[in-house]
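Structural overview for review
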Amino acid sequence: MRVDFEQLSQWVAPQSRVLDLGCGDGALLRHLIDTRGIQGMGVEIDNERITACIRNGVSVIEHNLDRGLHNFLDNSFDTVIMMQALQAMRRPDLLLEEMLRVGRECIIVFPNFGHWPARLSVALGGRMPVSTALPHQWYNTPNIHLCTVKDFEALCAEKGIRILHRVVLNQHDHSGALTNLLPNLFAATAVYHVSR
Amino acid sequence: MEPPILMPDAFPADSVGLVTPQCMAFDEPVTLACGRTLDRYQLMYETYGTLNADRSNAVLICHALSGNHHAAGYHNADDRKPGWWDTCIGPGKPIDTNRFFVVCPNNLGGCHGSTGPASINPETGKPWGGDFPTLRVRDWVETQSRLADNLGIQRFAAIVGGSLGGMQVMRWALEHPERVAHAIVIASAMKLTAQNIAFNEIARRAIMTDPQFFDGHYLEHGTSPKTGLAIARMVGHTTYLSNDAMRDKFGRSLRTGTFERGIDAAVEFEVESYLRYQGDVFSEAFDANTYLLMTKALDYFDLAREYNDNPIEAFKKSLARFLVISFSSDWRFAPERSQEIVNALVGAGREVCYADIEANQGHDAFLLHIPRYLEVFSAYMQRIADEGFR
C-alpha cells in the first residue's frame, strides 16, 4: 500500500519545512526535496532505513516516536507528515497533539480498519483480518491501535482538530465513487490533511 | 601489458600503508584564548590520499585526549599497530582515501612533536613544563585553520572528530562557518557534566600529587610523574569502557593466586593487571603536562557559553550539515549529550543526521570496528563525495 506521493505533495508548500515521522528510506522527503525544494527532516527508528535515508541524502534522526516529540520546538515545521505509522504508536492521540504542536499542518495516512474485508474477516470468519496491507497476525502486529475513518474523525472532533482535506483510496490505491460515497466501508487507506 | 607493480605485502589492502609524519613551522604569532601569545610554534601532521584539483575533497581529523597526528597507516614495515583511527581511514573505509584527502594534525600542546609543554621555551631555554599556556578548544581550531591555510585548503568537505575531537568540530562550525561543508561529531558533548569533570580532576590530582611532578617542571629535574600519570590513565580507561565490556573482557578471571582455603597468597584479577599494564605503557609514552592541559580544555569547553548559553543560538551561526553519532553504552559521553546537540541543530534549522549505535564497548566504541557504525559513517561520507564535496 503506497500512497501516491503526488497526493500529499499538493498540500506541501514549496520551500517549506517538512518533518516526516517514520520516514522509512526517505523516499517521500527525497521526492519533496526534488520537486518542491522543501527543507526536510525524517525521524526513524529502524537501523537499515536510517542508513537508507543517509544514502538518499535525506536528513534523518534516530528517535523512538513513542517517547513523543519533546525534542522538537513548537511550530518549528510547516508540515508534519506521518504515513502508515500512527496505528503503531502507543498513544496515537497524544502524538497527534504533539504533531500539531510542532507543525502548523499535518498529513496523516493510515489503513482504514473499517474497510469491508476487515469487517468480513471478523464478522463472518471470526478471525482478526490479515491482508496485504495488514499482513501480520494479531500477536505479532506492530499495528496496535488500528482505527476506522469514523474513529479518526471522531478523535479530531473531540480534540478540535480541523480537517482541511481528506482523500480516501481503495485497495488498489485509487479514489473511486464508491469509496468516496462510503469511505468507512470502502476505503482501504485514508489520507488526512489537518490543522489546529 | 604493463609489468606488475611490486607492492610490499606487509600491510592490509585497505590500509593507507606506509606514512611519513610532516612538520609545519609557524612564525606568525598566535594569541590564545587565555590571553597569552605564542610567537612561534610547530604542528606535526599526517596526510592520506590526494588533494583534488579544486582542493575540495579535504577532510580534517581532530584527535581526542590522548590522540596524535598518526591516525592511519604505519610508520615502519614492522609496526605492530596502525594509527589510532585506522578502522575508519583508508581505501574503501568510511573516510575513503581513494576519494578524500585526509589531514590529521597533532594539536598544539600535544606531546608527539607539536609545540607543547615538553618543548623548549625560547625565552628560558628550558622546557615549558607547567608554564605552557592553558589551551582551549578554540586555540586548536585557530591553529588548525592556519595549517589548512598553508596547505591551500580553503574549505573542508568534512571535519571529523570523536569525543574531545567532536568538540573541535563543533567549534570549527561556529568559528569558520564558511570553511566547513560537513561536520561529523562522534561520541561528544556541548559541555562536560559534573561527573565527567570529576573524573578528570581525579586524574589530574593523581598526576599533581606525584612527588616527581615538581609543579610541572619534572623535565628540568630529569624525571616525570609516571605513577600519577599511570593512575590517571587507569581512571580514564575504566570510564571509557562499559560495565558489560569489562565483564566480557575480564570477568573475575584471576591472573595469579587462588582463593583456595588455607592458601594465603596475593590474588590478582585480570582486570587489575590489564589496567596496570595500560597505565604503565601510557605513562612511558605520554607527557603528564599535556594530559593536564587536554583534560582542562575538555572541562572548560562550553559550546554555547558566549551565545547566552543557548545552543540553538550558537548553531544558527554554523552553515555546515551535521552527522552526529553516539553509542548506547557510552556513559562518559552519553547518547543524551549527542541528542542535545541534535535537538539544538534541529532548533537552529540546520540539516542533521543522527544515529545512536547499539554497542557495549562504552566510549571506546568510536575507535572500534562496529558494523552499523561504519555503515552509517560510510554512507554519509559517500554521499558527500557523490554530491561533489559540496
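A few points on the structure. In this text, all values refer to a predicted model and were calculated from it rather than measured experimentally.

A few words on the overall build of chain B. Scanning chain B for helices and strands turns up 10 helices and 16 strands. Its C-alpha atoms give chain B a radius of gyration of 21 Å, within 12% of the compact-globule value 21 Å for 390 residues. Summarising its shape, the C-alpha atoms of chain B cover approximately 75 × 55 × 55 Å along the three principal directions. Sorting the 390 residues of chain B into buried and exposed places 55% on the buried side. By element, 50% of the accessible surface of chain B is carried by carbon and sulfur atoms, the whole surface being about 16900 Å².

What follows covers a nonpolar patch on the surface. Residue and element names in this part refer to chain A. Taken together, the side chains of Val122, Met128, Trp138 and Tyr139 define a hydrophobic patch exposed on the protein surface, amounting to about 490 Å² of accessible area. If you trace the backbone, Val122 turns up in helix H5 (residues 116-125). Exposure remark for Val122: the relative accessible area of 40% places this residue in the partly exposed category.

Residues and elements named next belong to chain A. Within the structure shown, the criterion is met by 27 salt bridges over all chains. The salt bridge partner of Glu153 is Arg166, with a shortest N-O separation of 2.8 Å. Of the two residues, Glu153 sits in helix H6 (residues 149-159) while Arg166 sits in strand E6 (residues 162-169), which places them 13 residues apart along the sequence. For Glu153, a relative accessible area of 27% puts it in the partly exposed group.

Residue and element names in this part refer to chain A. Most of strand E2 (residues 39-44) is tucked away: five of the six residues are buried. In this sheet, E2 lies alongside strand E1 (residues 17-21) in parallel orientation, the contact comprising five bridges. Considered in E2, the bridge of Val18 is made with Gly40. Regarding the hand of the β-α-β motif, the stretch spanning E1, helix H2 (residues 27-36) and E2 is right-handed. In this sheet, strand E3 (residues 60-62) lies alongside E2 in parallel orientation, the contact comprising three bridges. In the sheet register, Glu44 faces E3, and the bridge partner there is Glu62. At this point the chain moves from E2, through helix H3 (residues 47-55), to the parallel E3, and the crossover so formed is right-handed.

Further remarks concern the interface of chain A and chain B. Taken together, the contact between chain A and chain B spans 20 residues of the former and 20 residues of the latter. Summed over both partners, the interface of chain A with chain B buries about 1700 Å², with 53% contributed by carbon and sulfur atoms. When the buried area of chain A at its contact with chain B is split by residue, Ile54, Arg55 and Glu62 of chain A rank highest and sum to 31% of it. The partner of Arg372 of chain B in a salt bridge is Glu62 of chain A, and the shortest N-O contact between them spans 2.8 Å.

Residue and element names in this part refer to chain B. Note that Gly67 resides in the loop between strand E5 (58-62) and strand E6 (89-90). Looking at Gly67, the relative accessible area reads 12%, which means it is buried. Distance from Gly67 to Ala265, taken between C-alpha atoms, is 39 Å for residues 198 residues apart in sequence. The contacts of Gly67, once residues within four sequence positions are left out, are Asn106 and His112.

Rules and cut-offs
Residues numbered from 1 in each chain as written. Chains lettered and ligands numbered in written order. Predicted model: local features only at pLDDT ≥ 70, side-chain atom pairs only at ≥ 80, totals over all residues. Heavy atoms only, no water. Helix = DSSP H or I, 4+ residues; strand = E, 2+ residues; numbered from the N terminus. Rg over C-alpha atoms; globule rule 2.2 N^0.38 Å. Buried < 20%, exposed > 50% of the residue type's maximum accessible area, 1.4 Å probe, protein only. Areas by Shrake-Rupley, 256 points an atom, 1.4 Å probe, with all protein chains shown as cover. Patch = residues over 30% accessible without salt bridge, like charges linked within 9 Å, V, L, I, M, F, W, Y side chains within 5 Å. Salt bridge = Lys/Arg side-chain N within 4 Å of Asp/Glu carboxyl O. Pairing = 2+ DSSP bridges. Right-handed = clockwise from strand over helix to strand, strands pointing away. Contact = heavy atoms within 4.5 Å. Buried area = accessible area lost by both parts, 1.4 Å probe.

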